[in-house]
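Fold and contact review
So the chains spell out like this:
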Amino acid sequence: MAAATTPTEKVDTPSDDGFKGFSTQDIRKGGVLGRLEIIEDMQMKYEEKVLKLEEDNGALWSELCTLKGSMLQQGKIITALTDKVTNQEEQIKELVKENEAWKVKCGDFEEINKKIDSYGEQLQASLRANIKLGKDLQLETSLTTHIEEVNKELEKYKEEIKATYAQVVKEKETIKEVCSEVKTRNDQQEAEIRQAIRKELVTNSKLVQNTADRTKSIIIFGCLEKEISSRVDRAAEEMKIIEKIVGLGEGSKENVSDFRRIGKYEKEKNRPLRVTFNGVKNMMEVLRNARKLQSDEVGKSWSIRQDLSKEDREKLKMNLIEAKRLNGDRNEEDRNSFFYKVTGTGKLVKWYIKTKQQDQ
């Protein structure tokens, strides 16, 4: 292969190509100046040619370098392939030797193949047994899955039971609080009821006692009440009035169990005097002898009545009105014979003047 020219080498003489385009006549006509111009023009073309040749030479040089590198790479590849072929030849030789050895062992392999076939039959039998076992295991797995689902349901029920138990415990505490509150309220109501019953019993007891006392008590209206600050002196003064009343019959002051003025004290006002006796008999004796007060200078202004309830007082008031009406309806003969009056017990009676007897 010829050596290529490097880009640094130059051509010293122009070639005939520089004179192309100029005729001999043109060269001759120009004289020296014409020739100089032609020479300059030739020189320019020559330089252009040189530059083009240098460019082409550089491209060839680059291509040559590339080709050299490719040849070196291919040489390495060929060397590697050669080594590989050598190794493969060695492996083939080893395989040939092994093949010879295997030929010797083929008889053993046949025996081994028979054993393998026997093992295969055993494996098939084991496989069939395993298939059956697999079905059983599948059934067991299904049962296990069902048991797991049941266990999940049980766990769910356990959680619900725990929640229900917690709710029950909470409600139980609430019930305890309510029971405690109810007990407290009941105790309070019971105490209030007991207090109300006790108060009612006291009231009723007082009412019963007052009713019982009323059956053996009288009220004296119009008796003078002196202004005395001392309770003892005031009681002694009231006792004088009682002794006068009791003295109308066969009784005595020992027959009196209690006495007191009724109502709030007011100056220059005589409150009624209530006198309670030990028995109804003592009271009735005083009421029967009350008319004797008419002959007493002081007692004639008094009026004695049995201590009556509100209902009895209303009845007394009506009887007084009725007695007044009946007395007004009497004729002259009746006026001389009888009249109507209301007794100390509030009873309306017809009283005869001559016989002094009561027609009830």
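See the structure above.
What comes next concerns the included structure. If you're wondering where the values come from, they're calculated on a predicted model, not measured in any experiment.

Thresholds applied
Residues numbered from 1 in each chain as written. Predicted model: local features only at pLDDT ≥ 70, side-chain atom pairs only at ≥ 80, totals over all residues. Heavy atoms only, no water. Helix = DSSP H or I, 4+ residues; strand = E, 2+ residues; numbered from the N terminus. Buried < 20%, exposed > 50% of the residue type's maximum accessible area, 1.4 Å probe, protein only. Contact = heavy atoms within 4.5 Å. Areas by Shrake-Rupley, 256 points an atom, 1.4 Å probe, with all protein chains shown as cover. Pairing = 2+ DSSP bridges. Axes fitted to C-alpha atoms, helices over the stretch in contact; angles between N-to-C directions. Expected span 1.5 Å × (residues − 1). Arc of directions from axis to C-beta.

This part covers the overall build of the protein chain. When you go through the protein chain residue by residue, the secondary structure sums to 6 helices and 7 strands. The buried share among the 360 residues of the protein chain stands at 17%. Partitioning the intrachain contacts of the protein chain with sequence separation of at least 6 by distance along the chain shows that 54% fall at a separation of at least 24. Looking at the protein chain as shown, the accessible area adds up to about 28,800 Å², and 55% of this sits on carbon and sulfur atoms.

One open sheet accounts for 4 strands, arranged β2-β3-β1-β4; its pairing is antiparallel. Every other strand in the sheet has two partners, leaving β2 (256-261) and β4 (303-306) as the edge strands with one partner each. For this sheet, the mean angle separating the axes of adjacent strands, direction not counted, is 20°. The sheet contact formed by strand β1 (residues 217-221) and β4 spans 4 bridges and is antiparallel. Opposite F221, over in β4, you have S303 as the bridge partner. Here helix α3 (residues 231-246) sits on the sheet and contacts β1, β2, β3 (273-277) and β4; the angle it forms with β2, its principal contact strand, is near 120°.

Next up on the list: helix α5 (residues 310-328). Compared with an ideal rise of 1.5 Å per residue, which puts 19 residues at 27 Å, α5 spans 27 Å between its outermost C-alpha atoms and is within 8% of the ideal. The set of residues buried in α5 consists of L316, N319, A323, L326 and N327. All buried residues of α5 fall inside an arc of 90° around its axis, so they share one side. Turned more than 90 degrees from where α5 packs its buried face, K310, E311, K317, M318, I321, K324 and G328 sit exposed. Contacts from the buried residues of α5 go to β4, β5 (338-342) and β6 (348-352).

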